[in-house]
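These are the residues of each chain, in order.
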Amino acid sequence: MKKFIPVVILAILATFISINISAQCKGFAKKVGKIELFPYIHDGNFQAAILTEGEEAELYKTCYTGQQYRIAVCGSENLGNIEFKIVDANRTVLFDNTQHNMVKIWDFKLEASQQLKVIVKVPASQKKSEADVNSGCVSIMFGFKQ
Amino acid sequence: MLFKLRAHAALSVIVAIAFFNSGCTGGNKSGSNEVAVDTSGLEQNIFEDISHAKQIFYSLPSPLESALIIKTAGATYSEPLLNPLSNVSKYTTNKAMAINLGIYITDLSYASLFDQAQTTMKYMEVSKKMADGLGIIDAINKETMDRLEENINNRDVILDIISETFMSSTAFLAENDRQPLATISLIGGWVEGLYLATQLVGDKDIKNNKIVDRIVDQKLSLDMVVKLIANNKDNSDIKEITPQIEKLKGVYDKIKISTTKIEPVVDEKTNVTTLKSSSTSNISQPIFNELRESVKNIRTSFTL
């Protein structure tokens, strides 16, 4: 029985750590990501992940005609500028923030509803050992105008 | 030395378990150019690239966005369409509470966009009951209710409260390893938006009807629903709703959408990009009627 006690403690500790990391990410999305959306109203969807330098995340979303959207892509300070691009169903790049001074937001509206894909990348930094690679929260949030 | 090895092994276990438990959203890896494009094939292409992404999100319209889409399309307000408040006592299982959390928040969003102050308050109260029943801590608390009451005539603040409430609820479920319930809540909200839209069209002519156009557009979001379900396919609650969604997909598959190539045009004054393109669909009255009936059946099964 005693043998299992450390395992149980470790499992509880690990769960606590993971919940804490997730909670930090939610806090980051609320405090940082949401502010970038202003004056647009956040749609209420929560999309954030812990990413490490060099990693990517993707988001698929249908955007509707008649709405004006703002997308805000934000990362923890230690990750530096986050790259993001928006592509359509034909894989045509509609926006790439690396061509626009690494801005965090993009405002757009549509004449016809479309499925869009957001590709987010944390740039890999050079000259770092594996131990020095940074991780942090990256949030992808959408807002709209009434 | 032995202690060091054990400590290292212990740390590895912590990191491994933490890694598998982590993920802010609970892990969903879980034109003017006259070339007509049939998106019935292309909408799949968007998913077909080989992905190197660590995390993949499939985003459905939130309750707030669903309500806004309906309103922008010219819908009117019809309170009898809302899920009755009296139904709240029927929802005792986690699945029913998660579905109806999404449904009630969509109703709440719809009411608030039409400045229905009292209804907004009442639907926030039943949403709170659903959230409390699911053990969602502090997504809707006394502070939320007080803030809503104090700002009941300030639509921007109300919309912010609704947005915050939904985000906190689904994030709480996701981060507590209850991703399937977060998904179910999203699907519940999406179905409610579709129900309101199809019922608001009623027997009106579907030609040149913007609400019908937005209903057709939901075919694109249905792809996201299918992906979300696939990511949670082993969950028993998800398994229960899967046949209904598949049936709905069967009806939507009869609708073909053609869209032209997108041309992004930037307004230099506002810095807003317009994605210029146009689309057409082959929806007919019989297909619309079938769709309306299918949505109604799903919504009835969700709310009874």
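Residues numbered from 1 in each chain as written. Chains lettered and ligands numbered in written order. Predicted model: local features only at pLDDT ≥ 70, side-chain atom pairs only at ≥ 80, totals over all residues. Heavy atoms only, no water.

### Description of the state of the cysteines
Residues and elements named next belong to chain A.
Here's step 1: Here the structure, examined in full by the defined rule, presents one disulfide over all chains.
Here's step 2: Between the sulfur atoms of Cys25 and its disulfide partner Cys137 the distance amounts to 2.4 Å. Across the S-S bond of Cys25 and Cys137 the torsion is about -140 degrees, and the bridge reads as left-handed. Of this pair, Cys25 sits in helix α1 (residues 4-37) while Cys137 sits in strand β9 (residues 135-144), and the two are 112 residues apart along the sequence.
Here's step 3: A relative accessible area of 7% places Cys137 in the buried class.
Here's step 4: For the unlinked cysteine Cys63, the closest cysteine sulfur is that of Cys74, found at 17 Å.
Here's step 5: Residue classification places Cys63 among the buried residues on the basis of a relative accessible area of 1%.
Here's step 6: Note on Cys74: no disulfide assigned, nearest cysteine sulfur contributed by Cys137 at a separation of 11 Å. (Disulfide = S-S within 2.5 Å. Helix = DSSP H or I, 4+ residues; strand = E, 2+ residues; numbered from the N terminus. Buried < 20%, exposed > 50% of the residue type's maximum accessible area, 1.4 Å probe, protein only.)

### With respect to the confidence of the model for chain B
Here's step 1: Residues of chain B with pLDDT of at least 70 account for 83%, and the chain-wide mean is 86.
Here's step 2: This complex was scored by the predictor with a pTM of 0.84 and an ipTM of 0.85. (pLDDT = per-residue confidence, 0-100.)

### What about the pairing of strand β3 (residues 56-63) of chain A?
Here's step 1: In terms of burial, β3(A) is a largely internal element, seven of the eight residues being buried.
Here's step 2: When β3(A) meets strand β8 (residues 114-121) of chain A, the two strands line up antiparallel, connected through eight bridges. Looking at β8(A), one finds that Cys63(A) is bridged to Gln114(A).
Here's step 3: Summarising the sheet, β3(A) and strand β2 (residues 55-59) of chain B pair through five bridges and their orientation is parallel. What sits directly across from Tyr60(A), in β2(B), is Tyr58(B). (Pairing = 2+ DSSP bridges.)

### Points about the packing of aromatic side chains
To describe a pair of aromatic rings, one takes the distance between the centres and the angle between the planes.
Here's step 1: This structure, assessed with the given rule, holds ten aromatic pairs over all chains.
Here's step 2: Ring geometry for Trp106(A) and Phe108(A): centres 4.6 Å apart, planes at 15 degrees, overall stacked. Each member of the pair, Trp106(A) together with Phe108(A), is buried.
Here's step 3: Each ring, one from Tyr77(B) and one from Phe114(B), has its centre 5.7 Å from the other, and the planes form 35 degrees; the classification is tilted. Here Phe114(B) lies in the loop between α4 (94-113) and α5 (117-133) and Tyr77(B) lies in the loop between α3 (63-72) and α4, a separation of 37 residues in the sequence.
Here's step 4: The structure contains a cluster of three or more aromatic residues connected by ring pairs, namely Tyr69(A), Phe84(A), Phe95(A), Trp106(A) and Phe108(A).
Here's step 5: Seen from the ring of Phe142(A), Lys61(A) lies directly overhead, with NZ or CZ sitting 5.2 Å from the centre.
Here's step 6: Lys71(B) extends its terminal NZ or CZ atom over the ring of Phe114(B), reaching a point 5.3 Å from the ring centre. (Phe/Tyr/Trp six-rings, centres within 6.5 Å; stacked < 30°, edge-to-face > 60°. Lys NZ or Arg CZ within 6 Å of the ring centre and 35° of its normal.)

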